[in-house]
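# Structural overview
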Amino acid sequence: MHNLFETIFNSINDSIIVYDYNGRILEVNQAICDSLGYSRDEFLQMTVYDIILPEFREDMSKQIAEKLHQKNCLVEGICKRKDGSLLPIELNVTPSTLHGNEIKIAIVRDITERKHADENLRESEALLSKVGQIAKIGGWQFETASNKLILTPEILQIYEADETHSTPKEALEYYTAGSKEILQKAFYNALENRKSYDLELEIITEKGNHKWVRASGYPEVVNEKFVKITGTLQDITERKNAENKSFESEKTLRMFIEHVPATLIVLDSDMRHIAVSRRWADTVSLSVEDIIGKYHYNVIPDIPEHYKDAHSRALQGEVVRRDYDPVEMPDGSTHWHCWEVVPWKTADGTIGGIIIFSEDVTERKEAEIALQESEALLNEVEVITKIAGWELEPITYKSKLTPEMNVIFELDSDTTLDSEIALKCFHPSESRETLEKAVYKLIEESEPFDLELEMVTEKGNHKWVRSIGKPIIEGNEIIKFTGILQDITERKNAEEALIESEERYKALHNASFDGITIHDKGMILDCNLGLSEITGYSFDELIGIDGLLLIAEGSRELVRGNILAGYEEPYEAVGRRKDGTEYPIRLEARSIPYKGKMVRAVEFRDITEQKESEKALRESESKFRTYVQSAPYAIFIMDEHGNYLEVNKTTCTITGYDENELTQMNISDLIAPESLLRVGQSLDELTTKGYTSIELQIVRKDGSVRWVRGDGAKLSDNRFILFVSDITEKKKAEHSLVEAKILAEHSNRIKSEFLANMSHELRTPLTSVIGFSDILREGVAGELTEKQFGYVDNINKGGKHLLEIINDILNLSKTEAGKMELECRDFHVSKVIDETLESMYPIADKKNIELKLINNVNDLNIHADKVKFQQILYNLVSNAIKFTPENGEVLVIVERTDNGIQVFVTDSGIGIAAEMQEEIFSPFTQVDASHTRRYGGTGLGLALVKKFVEMHNGNVWFVSEVGKGSTFTFTIPTAPSA
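The residue count restarts for each chain, going from 1 along the sequence in the order it is written. This being a predicted model, a pLDDT of at least 70 is required before a residue's local features are given, and a value of 80 or more before pairs of side-chain atoms are given or counted; all residues contribute to the totals for chains, interfaces and linings. The basis for every side-chain value is the complete set of heavy atoms in the structure, and neither hydrogens nor water enter the calculation.

The subject of this paragraph is the side chain of Asn 528. Comment: elements are numbered from the N terminus, with helices defined as DSSP H or I runs of at least four residues and strands as E runs of at least two. Mapped onto the elements of the fold, Asn 528 is located in the loop between strand 22 (523-527) and helix 20 (529-535). Here's how the labels work: a residue is buried when its accessible area is under 20% of the maximum for its type, exposed when over 50%, partly exposed in between, all with a 1.4 Å probe on protein chains only. Relative accessible area serves as the criterion here: at 0%, Asn 528 is assigned to the buried category. Among the polar contacts made by the side chain of Asn 528, one reaches the main-chain amide nitrogen of Ile 516 at a distance of 2.8 Å. In protein, a polar contact requires one atom able to donate a hydrogen and another able to accept it; more generally it is a pair of N or O atoms within 3.5 Å, and residues adjacent in sequence count only if both atoms are side-chain atoms.

Take a look at the structure:
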């Protein structure tokens, strides 16, 4: 049995010492021998206090004596091994008896690792405390079992309190009434339902200072048992003050510009567009003109139902607003919009429609989301506040960084951030150089720093950070350097947005065409340049004067009363300029916050032009009424359904009805049945386009039918005006003209057929005359005397000339009768031109006329009627030679065009008078009678030229000046060879 006990005793891993009440060691196990290096025999010659360092012996002896009869007698100290090394230990002493004597059994445990862990914990807590102080963040813990509240010193600093508070109830006394109620509900909800919370609240500190704090609480459950709530408290006063300042500035801005954001849509009660901003028109890819008057839901057919609901509620008088509304864009991204739907009222107080304001707040929403997602205390606090902590040993330069540092630099969690990587990220170079100098002065001269710098993260994102560093001094010795790095990008963006907002406010303030002033009990505190321009006072003169001096004497009591009553509706008064002149004005005022107090903002609008326009409108309406009643034609004014609203006296004369009868009728009541369809189409055109013209038949009261012409236009308020004149006599005349035209065309066709037949009958005997005269000239029937030859030659020439005339008449008749056809084929155009002109040179030589050709189409073939082409050229050149005096010049130029040729025939002849130029291509037209006697001709040549050119789908024209000559030009299209 003894052997069994000894085996168990020595196999236990814990070191065991058995000693008496005097401390003499009675027994040890093998584990203590291995741990301290003494043998069992050596231990049995020692007391338990021999292995304890002298400085710990008395204290440990007292603790053992005090705790021995308690449940746990645990004592810590340091013992000395046989080799002289030191070992931190924990003694767990238990009293017992052996053979009737009192003994003590001590279990000795090596606590080296625990001591190291405790040291690291203390260092971490010190770093946490420093980070909390710098970031103004404190931690707290409420234990449910003990109902005890534990606060870190940073919370006491936030409360500006000297003493801690042990219960939540005591801590709640710092919160304002509203914040206290919110926090109580959240805290008890955490207790009862284990729901965490994160709130922004107001407190009044021990010293009476107002602060904003961010309070969070997180219930902790261990083994499904609720044990405590842990949370943080952060001083966010600076951020809230910046937000409130921004809010006040934006509120003032919105007041001055009457809630006009970037996107503005004004709709009537039927949801049709009255006005829209150009920015919104660009958003829907339409012009403003295309949108005005259109139904809103036709412009945006897929509009979500919650927008329609907001529109409907606004039409009932409600102001509907949504601060953040997600909108899915065509590219799949989500944009956030802030929008407001406001009803607007007509002059009689009824709701006339709605105004929709909308602003893209995606960047602001994304910044808020990013802020919400980035917050937690240290490991959680650091994430929440985007604050990373650091420490630097002054001798070894060994650094410690919190995990949030990698988050700020956007590094992977397993990447070690060193000084080289960190400095590289600070950009531009000014930020890097500033930080390097500050760190150098911190290390060398113990000079603390607090900087705001720019950096570019490893992922290429631009950030603003606040970098703080300071030395930790104990006595006269620097023991370490510590600090934080905080991501302040959002705050900087907010500050920049505030600056931009204020600049935008100032720009809008001074860009207004109206006068704007801010006054306190009448004294002007601020104004824009518009007020200076309206009143004639300089800006400096206006500041500080009594605003009532800008009002005419007769209107001052009205204005003073409205100021005292806080009246905010627009009203009219009379203003007074610096030079004493008076003018009509429109005033509208609002109470707004300005530099910490409520003042009045007033809009001055010079309505001189408006008043003059109203006067002109009244005069215009009077003239219009006079004009309507005295107009020589009928005037109808009707509504959108065709009901007559107003008519003039001429209308009664044309229709036979009196005014009372007509105003009880509809447009369809006067229309003859055969005109009803066309009238319906015309009314549709009038509604869609805004204007129409129509000729129709109406039935008078006596049953007679009259033709009338109506011209309509759209007026405002869905009214239409029709101007109607009686055209019955005109219609009768037109009918007569149509009949005459048909008769003339029939006569002309008979004439052409007659000429064609007649010319054919004349050609047969004329051919015989020419043939036999040729035989006589050639002497076949015997020799002729010179006198006889002259007679026969005249007969021959006269016959040929007559044949040419007959051929021209025949060709013209065929053309007019539609019997002339083209015989097109490919031919070399230059060759045909040369052949034609060859026959013209002898004629030109007789008058000593120089006939010249400039041919720029040598290698061109065209597809046309060769004979008619020669006829065209022959007629134009022969006319040029005929009307050009001796020693003159005729020039023919041939050019290539994109689809054919163009020929110019220019002479230096007599020219054509202006009054003859319009008729020169008409058949049988000659320049004048005297020229006819001198130059001869039938007047058919140019008529045939025009007909032949147009048969080829070409054109012919000319320019001419009397006494200087003429240029005739024609074109013939070409086509590829078949």
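With that settled, consider the pattern of salt bridges. The term salt bridge refers to a side-chain nitrogen of Lys or Arg lying within 4 Å of a carboxyl oxygen of Asp or Glu. Under the counting rule described, the total for this entry stands at 49 salt bridges. Its salt-bridge partner being Glu 452, residue Lys 492 comes within 3.2 Å of it at the nearest N-O pair. Placement of Lys 492 in helix 19 (residues 489-511) and of Glu 452 in strand 18 (residues 449-456) is noted, with a sequence separation of 40 residues between them. Here Lys 492 falls in the buried class, since its relative accessible area comes to 13%. Residue class for Glu 452 comes out partly exposed when judged on its relative accessible area of 33%. Measuring nitrogen to oxygen at the nearest pair gives 3.2 Å for the salt bridge that ties Asp 865 to Lys 868. Each member of the pair, Asp 865 together with Lys 868, is buried. A single salt-bridge network, built from bridges that share partners, covers Arg 586, Glu 588, Arg 590, Glu 603 and Arg 605.

A word on the packing of helix 31 (residues 866-882) against helix 33 (residues 941-951). Note on definitions: angles span 0 to 180 degrees between N-to-C directions of axes, and those axes are lines fitted to C-alpha atoms, for helices only across the stretch in contact. Where helix 31 meets helix 33, the axes come as close as 9 Å, and the angle between the chain directions of the two elements is 145°. The chirality of how helix 31 crosses helix 33 is left-handed. Seen from helix 31, the contacting residues are Lys 868, Gln 871, Ile 872, Asn 875, Leu 876 and Asn 879; seen from helix 33, they are Gly 941, Leu 942, Leu 944, Val 945, Phe 948, Val 949 and Met 951. Three classes are used, and their members are as follows: Ala, Val, Leu, Ile, Met, Phe, Trp, Tyr, Cys and Pro are nonpolar, Asp, Glu, Lys and Arg are charged, and the others, Gly among them, are polar. In terms of residue class, the contact of helix 31 with helix 33 is built from 8 nonpolar, 4 polar and 1 charged. Each helix crossing is assigned a hand: it is left-handed if the near helix lies turned anticlockwise from the far helix by less than a right angle, otherwise right-handed if that turn is clockwise. Should any heavy atoms of two residues lie within 4.5 Å, those residues are counted as being in contact.

Right, let's get into the sheet that holds strand 30 (residues 719-726). Strand pairing is defined by DSSP finding a minimum of two bridges between the two strands. Spatial ordering of the open sheet is given by 27-26-30-29-28, a layout of 5 strands whose pairing is antiparallel. Looking at strand neighbours, the two that pair on one side only are strand 27 (644-647) and strand 28 (691-699), the edges of this open sheet. Here the strands of the sheet are splayed against their neighbours by 25° on average, with no regard to which way each runs. As paired strands, strand 29 (residues 705-714) and strand 30 are joined by 7 bridges and run antiparallel to one another. Each residue of the ladder has a partner; that of Asp 711, found in strand 30, is Phe 723. Strands in contact with helix 26 (residues 676-689) are strand 26 (634-639), strand 28, strand 29 and strand 30; relative to strand 28, the strand with the most contacts, it is inclined by about 155°.

Within the sequence span of helix 13 (residues 305-315), burial applies to Tyr 307, Ala 310, His 311 and Ala 314. With its buried residues spanning 100° around the axis, helix 13 presents them on a single face. The arc in question is the one traced by the directions running from the helix axis out to the C-beta atoms.

Pairing is antiparallel across the open sheet formed by 5 strands, whose spatial order is 7-6-10-9-8. Because the sheet does not close on itself, it has two edges, and the strands there are strand 7 (148-151) and strand 8 (197-204). Across the sheet, the mean angle from the axis of one strand to that of its neighbour is 25°, orientation sign disregarded. When strand 9 (residues 210-222) meets strand 10 (residues 225-235), the two strands line up antiparallel, connected through 10 bridges. The residue bridging Glu 220 from the neighbouring strand is Lys 228, located in strand 10. Packing against the sheet, helix 8 (residues 177-193) makes contact with strand 6 (137-143), strand 8, strand 9 and strand 10, and its axis sits at approximately 145° to strand 8.

Structural measurements only, silent on function.
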